[in-house]
Amino acid sequence: MGAELTVTGWFLSPIIREMQDTALAYIKGQFSWKKDQEKDLERLDITLTEILTIVDVIEKREIKDGNQRRLLSILKDAIYGAVDVLDGFQYMVLKSKVDSQSAVSRVTSTCIYLGKRLIGADEFRGKLADILEKLGVVKTTADTLLKVVNFDNATAKLLPVTRLRVTSPLKENHHIYGRRDELHKLRDMLFEISHSDAPRPSNAPVPGDSSIDIISIVGVGGVGKTSLARLAFEDEQIRMNFGLRMWVSVSDTYDEIRLTRDILESLTDANYHTVAEFDELQNALREKIAGKKFLLILDDVWYDEDRTKWENELLWSKVLSSLNTGLEGSKILVTTRADKACSILHARTPPLRLGGLDRDDYWLLFRNHAFGEKYPGQFPELREVGIQICRRLNGLPLAAKIIGRLLNADLDVSHWKKVLESDLSDDVMKVLRLSYQHLPVQLKLCFSFCSLFPKDWRFEPQRLTEMWIAQGFVQREDSYDTDTNIEDVAKGYFNELVQRSFFERSLLDLPTEYVMHDLINDLARNVSKDEYVRVENDKQKEIPPNIRHLSISANLLGSMKKTELRNLRTLIVWKKTWSCLKLSLPDDVFKKSKSIRVLDLSGCCLDRLPTSVEVLKHLRYFAFRVPQRLWQTSLIRLYHLEVLVTRGHSCRESECANLPANMKRNLLKLRKAFLLNVGGATISGFGGQTLLHGHGEFHVRKESGYRLGELKEVKNISGQLKIRSLENVEHQQEAVNACLDCKEHIEYLELEWSIHARALTSDIDNDVLNALRPHPNLDRLKIIGYGGTRSPSWFEANWLTALSSLVLENCIGWVQLPPFGQLPLLKYLELRGMHAVRQIGQEFYGNGDIKGFPILEDMIFDGMLNWDGWSGIGDGSLFPCLERLLVSRCPKIREIPTFSATPRVEVEISPDSPPASCLIESLIATASRLIFLVSSYSFLSELTTEQLNHVAELNLQNCTDSMPAGGFHRLSSLQVFRISNCSTLLSSVSTEAVDTYLLPPSLCHIEIAQSNVHCSLLPRYLQGLTCLSTLVLNSCHLMTSLSFASENPHLVALESITIKDCNELVSLDGFTNLGALRKLVVADCYNFCSLPADLNIVGSLEKLVICGCPMMRFLPEDGLPASAQTTLLSKCHPELDTQLQRKEGAEWNKIVHIPEKKLEVGLIDLLTIFPANSS
């Protein structure tokens, strides 16, 4: 990397200003100070003002002299010491409020009325006197330093600064300018056949597989190597050529285990972080890529200078040997800054050397960032200066972005000319440094903080800005401005850094994530190295004891030497992947690090939190994965805590986390809680203005802290809220006090009464539900176990105008349903276990302008055991958009009203509560398509032939009946027949049915899954099916072969055959009679090895898919028909796969005429080959 940068990440003025505001608040507050204490605070204010005046001047200079930097270090220690003293006093104030239980409102400032002198004030006064003495000495020395700096031009260069703008970022343009020729050349290199016989140094370790070509893109930092690799990775032609594509960011710290693990995890969602043995990882990787043609991109490869050349080569030889099971033609694409990296990989192909963009493309890129959305023609003078600057940046895209955004910050010609006159040399780091030097002081602090995160980290703006706030880096322009939200100011800081190209939006992941270029990360690390340490490899065994901000990879946490980090203000234990890494921390780990303000342990999976968390009295931001063992008491003494983040685990299911019930009494400053674990967290302990986001649960109990009325204090909750155990509510007023109708950001609400050990109906339930009126913005509502008999008034009043989904479950006492039909946006309605409902009529549909369920699409009635009447309305304008009606276990209902729509009707027939025959007649009159879901054929025998004639689809599941003697011929209009998990239905044929067809000739679609069907019997079942177009066989393990040969061909309309997971199936034959067949799929059939010999004469065949059949070695001897348009052959016998991948040999010649040949299965292929059940 270029020249060493001056360490300028020491900026103190924001910290001093925050401390001064605190001191002034104390002076102006209503504490009963002793006279000498008040004088000390006034002296502190004056001293801080004098020091701030000096610091404001010094911060505008570069400090290179070692003695001056040591003096600045002393100054910093004194300032931070004073900050901790004042913060400690505020902690005592908060503790006193909690202990006295007199907190009647949130603490929003340090001006708290106590009436009497605070306990501990004497100790505070003693510490304050010590700080004043130190600051006095430092102030005198700093004054001397200022004089030296002002006269020392050699070491005190004035730093340029542009104004801070709290703004939104520019519109982001991810277009990659130029590189058309380079992409074309790279494409040719990737498609070129390997030269496996190329010479190799005789003394070098032998690469794992010499047939894998290694292609390299070499260029200086910031020239666009990763961008070009990304273009190649996403190029459609390249995607089609390689079945597997993997991307691994290597960077400058790696070993064979990490690299192999990263490659594996780029292939699969599986968690390999518990695998510590290289051999195990290597075997897993070999298995994953066996027989596949892959493209592996190794981005940003470095030559490890701490290793010898031999050690580097040996490491990479191990990694590459893991890839030797891939098919020939596989490629590895490397991006690197140095030829040395190519040499240790033994790349035999000459590298693609990437230079700067050509002048025209470079100007377009530069112009986009410098002028943004403004037209350059409006600024002719700026345009001329911009062209001159552009010519000095050597075509480096990163420099164009950084300098362009720097210029965009001030569209003034004098600003642009100053940049033109700056040092814009060939060293890209000097260009980056220039942009950093123009940052306002607050942004320099925030940018330096980012050095804690490793390269390729995906930044979440909300998380990062909360950390900045916790450290005191974010300040309102006017300290007396209480209207401006500090979070909005922090968001403005982040947007400003985005606008200056220090961050860019991640293109591969969620749109709310941002990334930082490697060189920008290097810059952040360099300017902050006296303050910040990031441990990401085992080279760094010790941590400097005086650092203030530390981040460490979770993988290395256990191997670090114990160090007393008394000055530590940030600790982040990070992990790039979500997978859990189980660790334990000693209870006293934080005993000496009492100044921590940001603690993020979410990179590790802890069995319990260390008890020393309790001593972190300055802690503002705390993130962790919810431990299994007791941990809640660690939180309740963190009186300064402002942000709490709970996360879940990959190693186990996330249960509901029980947060302490007294949090709202203790954590008076808590602003936000992000409950991100899937199981959610109890929110009984939250209150006031704390913003809750995620999955919250409130478990009602008959004790203080858990009563329903205490939800009133939880005013700012967004996302999901589940209120459990509502049977414990004793009075309606508790529900009224909960103020659910004020919680406007809840999207999903679940209200649950336990149905165990309580009366069937409950009068108090009526009152409680009536009082639990949600906010009208609610999107989804579920009510479970309600024991009342009446509907709440808010259902009657058409209150929930935004509701789209409603579920009522096991509300066994609810007698009359409210007018759900007047909910204007309701699309989904589910009623289950509503035993007391007998009649549904006019009251169900509503009155007025909106009625009759205007946009309802899906309606389910299940377990309505006493429901015996359903009437409509006069004009019949009901359910105009209904697409699906499901009726299950409703034995007494006899008819349904007339609908405007003709929905798909599904009838689930249960043996213990079958539907009435007359209901079937009524459903027939309404349905566009009648579907039966049954587990026994016996019910069908009770229906008339006329009724059965209307059944279009039959889903037979878990049936133990044998095939009826007459088969299913009575279902004369049956089009779809799905048979699942029926052990005996297809295992034999009655002697009475020898000369009859077993299935109706109207059938178009048959699916048989997990059922015992013998290969000799299936053709018998298929006889007479002249309309059958689709046949699907899934997990039919008794089937060893399947023949469609017949003297009297029947399957004249069969267009598609799909056979999946039939592991005993060996062969298919008799395709001569299948004159309409267009698609044949055989997938995951282990023993399958033989396609029909006569397949080539099936002149209609267009698509053939054979995948996951490892015994399939040969295609039919006469080849495939000329009509074939698409073939997908993958994961067959290695010999067949190899021939096809090499595009040579007898088997390749059999498919060479087919226009579209695929050799790997992609997601789109899966969706088209195995579509969801058709409706």
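As recorded by an unreviewed UniProt entry, the protein carries the name Disease resistance RPP13-like protein 1 and is attributed to Aegilops tauschii subsp. strangulata. The record in UniProt for the protein states the following under Sequence similarities (unreviewed entry): "Belongs to the disease resistance NB-LRR family."

*Asks:* Looking at this model, I keep getting lost on the side chain of lysine 225. Mind explaining?
*Replies:* Along the polypeptide, lysine 225 turns up in helix 6 (residues 225-234). Within the buried core, lysine 225 has no salt-bridge partner, and the shortest N-O distance to an opposite charge, that of aspartate 300, equals 6.1 Å. Polar contacts involving the side chain of lysine 225 include one to the main-chain carbonyl oxygen of valine 220, which spans 3.0 Å. Discounting residues that sit within four places of it in the chain, lysine 225 has contacts with Ile217, Val218, Gly219, Val220, Thr335, Thr336, Arg337 and Leu354.

*Asks:* I would appreciate a short explanation of the sheet that holds strand 1 (residues 213-218) in the present structure.
*Replies:* Pairing between the strands of a sheet comes from backbone hydrogen bonds, and it takes one of two forms, parallel or antiparallel. Taken together, the five strands give an open sheet; going across it, the order is 2-3-4-1-5, and neighbouring strands pair in parallel fashion. At either margin of the open sheet sits one strand with a lone partner, and together these are strand 2 (244-251) and strand 5 (352-353). In this sheet, strand 3 (residues 294-301) lies alongside strand 2 in parallel orientation, the contact comprising seven bridges. The partner of tryptophan 247 across the bridge, within strand 3, is isoleucine 297. Seen against the sheet, helix 8 (residues 256-267) touches strand 2 and strand 3 and runs at an angle of roughly 145 degrees to strand 2.

*Asks:* What is the right way to look at helix 29 (residues 1134-1142) in this model?
*Replies:* Among the residues of helix 29, those classed as buried are Leu1136, Asp1137, Leu1140 and Gln1141. Looking straight down helix 29, one finds that the buried residues subtend no more than 130 degrees of arc, so they occupy a single side. Buried-residue contacts for helix 29 involve strand 39 (1126-1130) and helix 30 (1146-1151). A positive backbone phi angle near 60 degrees is found at lysine 1143, which sits one or two residues after helix 29.

*Asks:* Would you mind showing me how to read the packing of helix 9 (residues 278-289) against helix 10 (residues 309-321) here?
*Replies:* The geometry of a pair of packed helices is captured by two quantities: the angle between their axes and the separation between those axes. Running from N to C, helix 9 and helix 10 point in directions that differ by 40 degrees, and their axes come no closer than 9 Å. Taken together, helix 9 and helix 10 sit at an angle that is classed as oblique. Contacts from Phe278, Gln282 and Arg286 in helix 9 reach Lys318, Val319 and Ser321 in helix 10. Taken together, the residues of the contact of helix 9 with helix 10 break down into two nonpolar, two polar and two charged.

*Asks:* Quick question: what am I supposed to make of the nonpolar core here?
*Replies:* In a soluble, globular protein the nonpolar side chains are often hidden away together inside. Membership of the largest hydrophobic core comes to 183 residues, with the highest contact counts inside it found for Phe622, Ile783, Trp870, Phe879 and Phe932. Top contributing element to this core by residue count: helix 26 (residues 917-926), with four residues. Within the second largest apolar cluster, 113 residues are counted, among which are Leu72, Ile297, Ala400 and Leu523.

*Asks:* When you look at helix 19 (residues 486-499) in this model, what are you seeing that I'm missing?
*Replies:* At 3.6 residues per turn, the α-helix brings residues three or four places apart onto the same side. Between the first and last C-alpha of helix 19 there are 20 Å, a value that for 14 residues agrees with the 20 Å anticipated at 1.5 Å per step. Among the 14 residues that make up helix 19, 12 are buried, leaving the element largely enclosed by the rest of the structure. Every buried residue of helix 19 is listed here: Ile486, Glu487, Val489, Ala490, Gly492, Tyr493, Phe494, Asn495, Glu496, Leu497, Val498 and Gln499. Along its buried surface, helix 19 packs onto helix 14 (397-408), helix 17 (441-449), helix 18 (461-470), strand 7 (514-515) and strand 16 (672-675). Sitting at the amino-terminal end of helix 19 is asparagine 485, which places a side-chain oxygen 2.7 Å from the backbone nitrogen of glutamate 487. Where helix 19 ends, the next residue or the one after it, serine 501, has phi of about 70 degrees, a positive value.

*Asks:* Where do I start with unusual backbone geometry in this structure?
*Replies:* Positive phi values are uncommon outside glycine, yet asparagine 958 reaches one of about 55 degrees. Looking at the secondary structure, you find asparagine 958 in the loop between strand 30 (951-957) and strand 31 (976-980). Classification of asparagine 958 by relative accessible area gives partly exposed; the value is 48%. Non-glycine residue aspartate 1061 carries a positive phi angle of around 55 degrees.

*Asks:* Explain the pattern of salt bridges to me, please; I cannot follow it from the model alone.
*Replies:* Opposite charge on two side chains allows them to pair when their charged atoms are near. Throughout the structure, instances matching the rule amount to 52 salt bridges. Between arginine 884 and aspartate 858 there is a salt bridge whose closest N-O contact spans 2.9 Å. Note that arginine 884 is positioned in strand 27 (residues 884-888) and aspartate 858 in strand 25 (residues 858-862), a separation of 26 residues in sequence. On the basis of relative accessible area, arginine 884 is assigned to the buried category, the value being 17%. In this structure, the salt-bridge partner of arginine 1113 is glutamate 1135, at a minimum N-O distance of 2.8 Å. Here the residue arginine 1113 occupies a position in the loop between strand 38 (1103-1107) and strand 39, and glutamate 1135 occupies one in helix 29, the gap between them amounting to 22 residues. Here arginine 1113 falls in the partly exposed class, since its relative accessible area comes to 33%. Classification of glutamate 1135 as partly exposed rests on a relative accessible area of 41%.

*Asks:* Sorry if this is basic, but what is going on with the packing of helix 14 against helix 15 (residues 413-421) here?
*Replies:* Direction vectors running N to C along helix 14 and helix 15 enclose 150 degrees, while the axes themselves pass 9 Å from each other. As the angle between them shows, helix 14 and helix 15 are arranged roughly antiparallel. Contact residues: Ile403, Leu406 and Leu407 in helix 14; His415, Trp416 and Val419 in helix 15. Looking at the contact of helix 14 with helix 15 residue by residue, the classes come out as five nonpolar, one polar and no charged.

*Asks:* Even after reading the chapter, I still don't get the side chain of serine 1100, so can you show me in this structure?
*Replies:* As for its position among the elements, serine 1100 is in the loop between strand 37 (1079-1083) and strand 38. In this structure the side chain of serine 1100 is engaged in a polar contact, spanning 2.5 Å, whose partner is the backbone oxygen of leucine 1077. The contacts of serine 1100, once residues within four sequence positions are left out, are Leu1074, Gly1075, Ala1076, Leu1077, Arg1078 and Ser1123.

*Asks:* Just checking my understanding: could you explain the confidence of the model for the protein for this structure?
*Replies:* Mean pLDDT for the protein: 79, with 81% of residues reaching 70 or above. Predicted confidence for residues 153-159 stays below pLDDT 50, and this span has 18 contacts to residues more than four positions away or in other chains. Residue range residues 195-210 is modelled with pLDDT below 50. Its contacts to residues more than four positions away, or to other chains, number 32 contacts.

*Asks:* I keep staring at the packing of aromatic side chains and nothing clicks. Help me out?
*Replies:* Each aromatic ring pair is characterised by the separation of its centres together with the angle its planes make. In the structure shown here, the tally under the stated rule is 36 aromatic pairs. Between phenylalanine 449 and tyrosine 532, the aromatic rings sit 6.2 Å apart at their centres with planes inclined by 90 degrees, giving edge-to-face as the arrangement. Separated by 83 residues along the polypeptide, phenylalanine 449 in helix 17 and tyrosine 532 in strand 8 (residues 532-535) bring together distant segments of the chain. Phenylalanine 449 gets classed as buried once you look at its relative accessible area, which sits at 0%. Directly above the aromatic system of phenylalanine 242 lies the positively charged group of lysine 293, at a separation of 5.4 Å from the ring centroid. The cationic tip of lysine 444 hangs over the ring face of tyrosine 436; the distance from NZ or CZ to the ring centre is 5.6 Å.

Here is what the cut-offs are and how they apply
Residues numbered from 1 in each chain as written. Predicted model: local features only at pLDDT ≥ 70, side-chain atom pairs only at ≥ 80, totals over all residues. Heavy atoms only, no water. UniProt positions renumbered as here; feature names shortened; annotations may be inferred. Helix = DSSP H or I, 4+ residues; strand = E, 2+ residues; numbered from the N terminus. Buried < 20%, exposed > 50% of the residue type's maximum accessible area, 1.4 Å probe, protein only. Lys, Arg positive; Asp, Glu negative; His and termini not counted. Salt bridge = Lys/Arg side-chain N within 4 Å of Asp/Glu carboxyl O. Polar contact = N/O pair within 3.5 Å; in protein donor to acceptor, adjacent residues only side chain to side chain. Contact = heavy atoms within 4.5 Å. Pairing = 2+ DSSP bridges. Axes fitted to C-alpha atoms, helices over the stretch in contact; angles between N-to-C directions. Arc of directions from axis to C-beta. Parallel < 35°, antiparallel > 145°, perpendicular 65-115°, else oblique. Nonpolar A, V, L, I, M, F, W, Y, C, P; charged D, E, K, R; others polar. Core = buried A, V, L, I, M, F, W, Y, C linked by side-chain atoms within 4.5 Å. Expected span 1.5 Å × (residues − 1). pLDDT = per-residue confidence, 0-100. Phe/Tyr/Trp six-rings, centres within 6.5 Å; stacked < 30°, edge-to-face > 60°. Lys NZ or Arg CZ within 6 Å of the ring centre and 35° of its normal.

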